[in-house]
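Read off the chains here:
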Protein chains: 2
Amino acid sequence: MTSNRLPTLGFVGIGVMGRSMAGHLLEAGYPLHIYNRTRSKADALVSQGARWQDSPADVAKASDIVITIIGFPTDVEAAYLGPEGIIANAKPGSILIDMTTSSPKLAQQIAEAASALQLQALDAPVSGGDLGAREARLSIMVGGEESTFDQVKPIFEVMGKNIVYQGPAGSGQHTKMANQVAIASGMLGVCEAVAYAERSGLDANRVLESISSGAAGSWSLSNLAPRIIKGDFNPGFFVKHFIKDMTIALQEADDMGLDFPGLTAAREAYEKLAASGGEDLGTQGLYKLYQASE
Amino acid sequence: MTSNRLPTLGFVGIGVMGRSMAGHLLEAGYPLHIYNRTRSKADALVSQGARWQDSPADVAKASDIVITIIGFPTDVEAAYLGPEGIIANAKPGSILIDMTTSSPKLAQQIAEAASALQLQALDAPVSGGDLGAREARLSIMVGGEESTFDQVKPIFEVMGKNIVYQGPAGSGQHTKMANQVAIASGMLGVCEAVAYAERSGLDANRVLESISSGAAGSWSLSNLAPRIIKGDFNPGFFVKHFIKDMTIALQEADDMGLDFPGLTAAREAYEKLAASGGEDLGTQGLYKLYQASE
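Residues numbered from 1 in each chain as written. Chains lettered and ligands numbered in written order. Predicted model: local features only at pLDDT ≥ 70, side-chain atom pairs only at ≥ 80, totals over all residues. Heavy atoms only, no water.

### Some remarks on the domain arrangement of chain A
Residues and elements named next belong to chain A.
1) Next: According to the domain assignment, chain A contains domain 1 (9–168) and domain 2 (174–292).
2) Next: Computed over C-alpha atoms, the centres of domain 1 and domain 2 are 29 Å apart.
3) Next: The interface is formed by 15 residues belonging to domain 1 together with 12 residues belonging to domain 2.
4) Next: Between domain 1 and domain 2, a total of about 1,100 Å² is buried, with carbon and sulfur atoms accounting for 61% of that surface.
5) Next: When residues of domain 1 are sorted by the area they lose upon contact with domain 2, Phe72, Thr101 and Pro104 head the list and together hold 42% of the total.
6) Next: Put simply, domain 1 and domain 2 have two salt bridges between them. (Domains from an automatic or database assignment. Contact = heavy atoms within 4.5 Å. Buried area = accessible area lost by both parts, 1.4 Å probe. Salt bridge = Lys/Arg side-chain N within 4 Å of Asp/Glu carboxyl O.)

### Looking at the interface of chain B and chain A
1) Next: Contact with chain B, which involves 55 residues of that partner, is made by 55 residues of chain A.
2) Next: Surface buried jointly by chain B and chain A totals about 4,600 Å² across both partners, of which 62% is contributed by carbon and sulfur atoms.
3) Next: Taken as a group, B:Glu192, B:Tyr196 and B:Ser210 account for 15% of the area that chain B buries against chain A, more than any other trio of residues on that side.
4) Next: Taken together, the links from chain B to chain A amount to zero salt bridges.
5) Next: When contributions to the side of chain B that touches chain A are tallied by element, the ones reaching two or more residues are β8 (138–143), β9 (160–167), α9 (171–199), α10 (204–211), α11 (219–223), α13 (239–255) and α14 (261–278) of chain B.
6) Next: With 18 residues, α9(B) is the single largest residue contributor to the side of chain B that touches chain A.
7) Next: Class assignment of the residues belonging to the side of chain B that touches chain A gives a composition of 28 nonpolar, 20 polar and seven charged. (Helix = DSSP H or I, 4+ residues; strand = E, 2+ residues; numbered from the N terminus. Nonpolar A, V, L, I, M, F, W, Y, C, P; charged D, E, K, R; others polar.)

### Details of empty space enclosed by the protein
1) Next: Evaluation of the coordinates by the stated rule reveals five cavities of 30 Å³ or more.
2) Next: Put simply, the largest cavity is a space of about 180 Å³.
3) Next: The wall of the largest cavity is formed by 18 residues, among which A:Gly186, A:Ser218, B:Gly186, B:Gly217 and B:Ser218 lie closest to the centre.
4) Next: Elements that contribute at least two residues to the lining of the largest cavity include exactly α9 (171–199) of chain A together with α9 of chain B.
5) Next: Taken together, the residues of the lining of the largest cavity break down into 10 nonpolar, eight polar and no charged.
6) Next: Considering only enclosed or pocket space, the second largest cavity measures out at about 90 Å³ in volume. (1 Å grid on protein atoms, 1.4 Å probe; cavity = no way out; pocket = protein on both sides within 12 Å on 5 of 7 lines; lining within 4 Å. Points joined across faces, edges and corners; volume = space filled by probe spheres on them.)

What follows is the structure, encoded as structure tokens:
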């Protein structure tokens, strides 16, 4: 690719996040090849000018830069590694960017496999949810070679606002894990605070007036506690995906010799919620556990 | 008291919080009688015009409205109840305001004892710390009769900004407990996120750049995580006081039939920290536990 024309992009994973992100890239003028497991979800983008491809390998063959955002680490592994994977089929010199929240170790493994074939790989998970994706103001946390990051930064800028290079391969994923670790115990605190307020006979919304802007304040308290009080447990972020993230983080923490009582308690609580049928709720659905004990 | 002259105030407890709060009342022109266990801490206020009294009872005898902010529930109990207490010695029609973070049940007990003698009592704990007290922008959470609250609201407005009536006696304390409950697990999350970032080799400050403004964001992450990273464990809020609050909250939760895994894990961690000599650290000192496992 030259600096005079926009590189051709590939995008694998047209889900809630991917369809907005790929849409922004298309609007920005990038030639775009796309693939998704469920083809129908890609129809809108195809009608806007994206080129459908029948596999991640085909996307890789057609693109200078391949972006993926696809669910679980096992999906990432399947998409990148092996003879039918993106790495084996990428054009020489391609840049591969996985934006899935996935395992730091897998990100390092992908970067090594890519590097062995003269490809460059970045791990670049995001936060900001479907709304952040739609409004192109995702936070993007990037691991890999810094020179590669510099090359594709304009592409990140089409999808996000807070774009930070965090270090070598895996660092993007590690940063996202730190993010999830902070959220996990925080959600316990928010649910317990609302449960305490309700059970002690207070008006929970009035309690939020007192506590949201001080030392107890948090994004979750301001944004999710009001939904909890209304009984709205619809997903911004799914319980099942959060459990995936907490499981990766706990494994990594364990490997680093760290004991995390907060994260352990949070994952235990979410597993309990999932076991009782709550895996497709939003993360604020954790509150149901506290209602159950009423 | 009439609406034409300012009522005479009593203030018991001239600590880090009390000296700023009493100072604002004095500057606002209220006649002020004060008492503190350690007299020397009251010297500055006396030189500014406050009248020293030798006991809480003497303060009560001299005042229309008595304000207290004094450490532990046992101190509150001693100051209010019994023959030498504020209630037994208050002038007819006095209003008694306890601003200590204390037990909701004790607040209800004090309100009943006061009411039996035609006195009015409010529980009105605060958040915002020493800085909030100094800058007169405390959050004040008030329980008791609403008509009493209306009468003394101008006094609260001299000391705070976010002043919310929460309900009958004990509701102020319950609100403060909900505040502490949200903070407790949140601090676990902040410490674990920073520990994760440091141990995985990331630049923790750069991680904060990525995660502080999103869904993981919180007052603690923005204000205490940077101190943790610098190794600054000086008290904004003391570990020993936080343990007191969490102990009250857990007891109340237990009485209400609520199981709080986050709060339980947080108190356990803080007890461990205190047992290893950390009770006079700031709450962010919890991070030392995660360093210890390095």
